[in-house]
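# Observations on the three-dimensional arrangement
Given next are the chains, with one letter for each unit.
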Amino acid sequence: MIQRVDNYEEMSRIAAKLFQVAIQKQPGLVLGLATGTTPIGLYDNLVELYRARELDFHFVRTVNLDEYVGLTAAHVQSYRYFMNTHLFDRVNIQRDNTHLPDGMAPDLAVECKRYDEMVDSLGGIDLQLLGIGRNGHIGFNEPADVFSTGTVAVDLTDDTIDANARLFANAGEVPKKAISMGIKTIMLAKKVVLLATADKKDIVEKAFLGPITPRVPASILQAHQNVTVLLAKE
Ligand code: F6R
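We now turn to the structure provided with this report. Predicted model, so just to flag it, every value in this text is computed and none were measured. (Residues numbered from 1 in each chain as written. Predicted model: local features only at pLDDT ≥ 70, side-chain atom pairs only at ≥ 80, totals over all residues. Heavy atoms only, no water.)

## Here's the deal with the overall build of the protein chain
Cut-off, in case you're wondering: Per the convention used, a helix needs a DSSP run of H or I reaching at least four residues, while a strand needs a run of E reaching at least two, with both numbered from the N terminus. To get the radius of gyration, use the C-alpha atoms; to get the globule rule, take the number of residues to the power 0.38 and multiply by 2.2 Å. Categorising residues by exposure relies on relative accessible area from a 1.4 Å probe, with only protein chains included: less than 20% of the type maximum marks a residue as buried, more than 50% marks it as exposed, and the intermediate range marks it as partly exposed. Contact criterion: two residues are considered in contact whenever any of their non-hydrogen atoms come within 4.5 Å of each other. For the area figures, the Shrake-Rupley method with a 1.4 Å probe applies, and any residue is considered shielded solely by the protein chains shown. His is not counted, nor are the chain ends, whereas Lys and Arg count as positive and Asp and Glu as negative. Every charge is mapped onto a representative atom, which is NZ of Lys, CZ of Arg, CG of Asp or CD of Glu.
When you go through the protein chain residue by residue, the secondary structure sums to 7 helices and 10 strands. Computed over the C-alpha atoms, the radius of gyration of the protein chain is 16 Å, within 12% of the 17 Å expected from 2.2 N^0.38 for a compact globule of 234 residues. When the backbone C-alpha atoms are referred to their principal axes, the protein chain occupies close to 45 × 40 × 35 Å. When the 234 residues of the protein chain are sorted by exposure, 54% land in the buried category. Excluding contacts between residues fewer than 6 apart, the proportion of contacts in the protein chain whose partners are at least 24 apart in sequence is 77%. Put simply, the protein chain shows about 10,500 Å² of open surface, and 52% of that area lies on carbon and sulfur atoms. Taking the average location of the 24 positive side-chain charges in the protein chain and that of its 29 negative ones, the two points are 4 Å from each other.

See the structure below:
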């Protein structure tokens, strides 16, 4: 299940190939997408394939895992802004086909419900991309007593706030809440690709070789039928 690859570049290239094959096979598929530092190389590779006319995003639909509560789409640290700048603005995807939770929604419970219904209306996720938090989170499903099901508004743990502070002026500016797709929705994706850089080796091994527990949310992926983990050696 864990495929060890030489380095970040190789991980990004192999992942891009998996995405390219999936999109070519099913041009209107639903991609589940992630933000964070890890998938940037994959997105760059997808943009290169698009520019080389080896990939067409015209019919592709996307749903993202999560969004910070309280950040507008124009905020440079919002996940909408991230997706636009790293992928959507650089390929021929139709903007109406790209979906993220709305972190500015006035009622978070209503927004979570809307997001689940939207994912359902698309027929679920064909190919889900994941990163992994150093505490084992996927999406923003933090370690907990039970696995989440549908989309949830979550309080970010101090560990996650600390890990993400590098992208903000200081830890105080990191939003304390986020909206995250739930574990059940992720588990219903037909295929999952999880990317991890070398610094995530210990948590990846704990998640995929240790017991399945909501204390390590990614461990649930052991119960998924079609998961590829690409772990970079350096
Ligand atoms: C991002 C997300 C998170 C990240 C994880 C790893 O949409 O859902 O679970 O995948 O926090 O982030 P990086 O890649 O920055 O180490």
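## Details of the nonpolar core
Put simply, the test is: Here, nonpolar core means buried Ala, Val, Leu, Ile, Met, Phe, Trp, Tyr and Cys residues that are tied together by side-chain atoms lying within 4.5 Å of each other.
In this structure, Leu46 and Leu221 are the most contacted members of the largest nonpolar core, which totals 73 residues. Sort the elements by how many residues they give to this core and helix 1 (residues 8–25) lands first, with 6 residues. For leucine 221, the contacting residues outside a window of four places in its chain are Met1, Leu130, Ile138, Ile186, Met187, Val192, Leu194, Phe208 and Val227.

## Brief notes about the site of the ligand
Convention followed: Residues are counted as near a molecule or strand when any one of their heavy atoms sits within 4 Å of it. Contacts described as polar in this section are N or O atom pairs within 3.5 Å, which, within protein, must combine one atom able to donate a hydrogen with one able to accept it, while residues neighboring in sequence count only if both atoms come from side chains. Every definition here rests on a 1 Å grid over the protein atoms only: cavities are sets of points where a 1.4 Å probe fits but cannot get out, pockets are open sets enclosed by protein on both sides within 12 Å along at least five of seven lines, and lining residues have some atom within 4 Å of a point. Each molecule is assigned to a cavity or pocket provided more than half of its atoms lie within 2 Å of the corresponding grid points. Charged residues are taken to be Asp, Glu, Lys and Arg, nonpolar residues to be Ala, Val, Leu, Ile, Met, Phe, Trp, Tyr, Cys and Pro, and polar residues to be all remaining types, Gly included.
Around the ligand, the structure places 14 residues, and the nearest of them are Thr38, Asp66, His137, Gly139 and Lys200. Between an oxygen atom of the ligand and a side-chain N or O atom of threonine 38, the distance comes to 2.4 Å. Between the ligand and the protein, one listed contact pairs an oxygen atom with a side-chain N or O atom of aspartate 66 at 2.7 Å. In the complex, 91% of the free accessible area of the ligand, which totals 410 Å², lies under the protein chains. Assessed atom by atom at 2 Å from the grid points, the ligand resides in the largest pocket. Classifying every residue of the shell around the ligand gives 3 nonpolar, 8 polar and 3 charged.

## What to know about helix 1
This is how it is decided: Expected span, for any helix, means 1.5 Å times one less than how many residues it has. Of all possible arcs, the one meant is that of the directions from the helix axis to the C-beta atoms.
The terminal C-alpha atoms of helix 1, which comprises 18 residues, lie 26 Å apart, in line with the 26 Å expected from a rise of 1.5 Å per residue. Taken residue by residue, helix 1 has Met11, Ser12, Ala15, Ala16, Phe19, Gln20, Ala22 and Ile23 as its buried positions. An end-on view of helix 1 places all buried positions within 165 degrees of arc, on one side of the element. Turned more than 90 degrees away from the buried face of helix 1, the exposed residues are Arg13 and Lys25. If you follow the buried residues of helix 1, they end up packed against strand 1 (2–5), strand 2 (30–33), helix 2 (40–51), strand 6 (127–130), strand 9 (191–196) and strand 10 (227–232). The N-cap of helix 1, judged by a side-chain oxygen 3.2 Å from the amide nitrogen of glutamate 9 a few residues on, is asparagine 7.

## Topic: the pairing of strand 10
The two faces of a sheet get side chains in turn, since along a regular strand they alternate between them. The cut-off we apply is this: For two strands to be treated as a pair, DSSP must find at least two bridges joining them.
With respect to burial, strand 10 is a largely interior element, 6 of its 6 residues being buried. The side-chain alternation of strand 10 yields two buried faces, one formed by Val227, Val229 and Leu231 and the other by Thr228, Leu230 and Ala232. Note that strand 1 and strand 10 share 4 bridges and pair parallel. Within the sheet, the bridge partner assigned to glutamine 3 lies in strand 10 and is leucine 230.

## With respect to the sheet that holds strand 2
To keep it simple, the criterion reads: A fitted line through C-alpha atoms serves as each axis, taken over the contacting stretch for helices, and the angle formed by two N-to-C directions is quoted from 0 to 180°.
Strand order in this open sheet of 7 strands is 1-10-9-6-2-3-5, and the pairing throughout is parallel. Among the strands making up the open sheet, the edge pair consists of strand 1 and strand 5 (98–99). Looking at chain direction, strand 2 and strand 3 (residues 61–64) are connected through 4 bridges and run parallel. Looking across to strand 3, one finds that glycine 32 is bridged to valine 63. Of the strands in this sheet, strand 1, strand 9 and strand 10 are in contact with helix 7 (residues 201–209), which crosses strand 10 at around 155 degrees.

## Here we look at the pattern of salt bridges
How we decide: Salt bridges are counted wherever a side-chain nitrogen of Lys or Arg sits within 4 Å of a carboxyl oxygen of Asp or Glu.
Scanning the model with the defined rule gives 12 salt bridges in all. The partner of aspartate 155 in a salt bridge is lysine 177, and the shortest N-O contact between them spans 3.1 Å. Within this pair, whereas aspartate 155 is found in strand 7 (residues 152–155), its partner lysine 177 is found in strand 8 (residues 177–180), the two being separated by 22 residues in sequence. Take lysine 177: its relative accessible area is 34%, and that puts it in the partly exposed class. Where salt bridges share partners, they join Arg4, Lys201 and Glu205 into one cluster.

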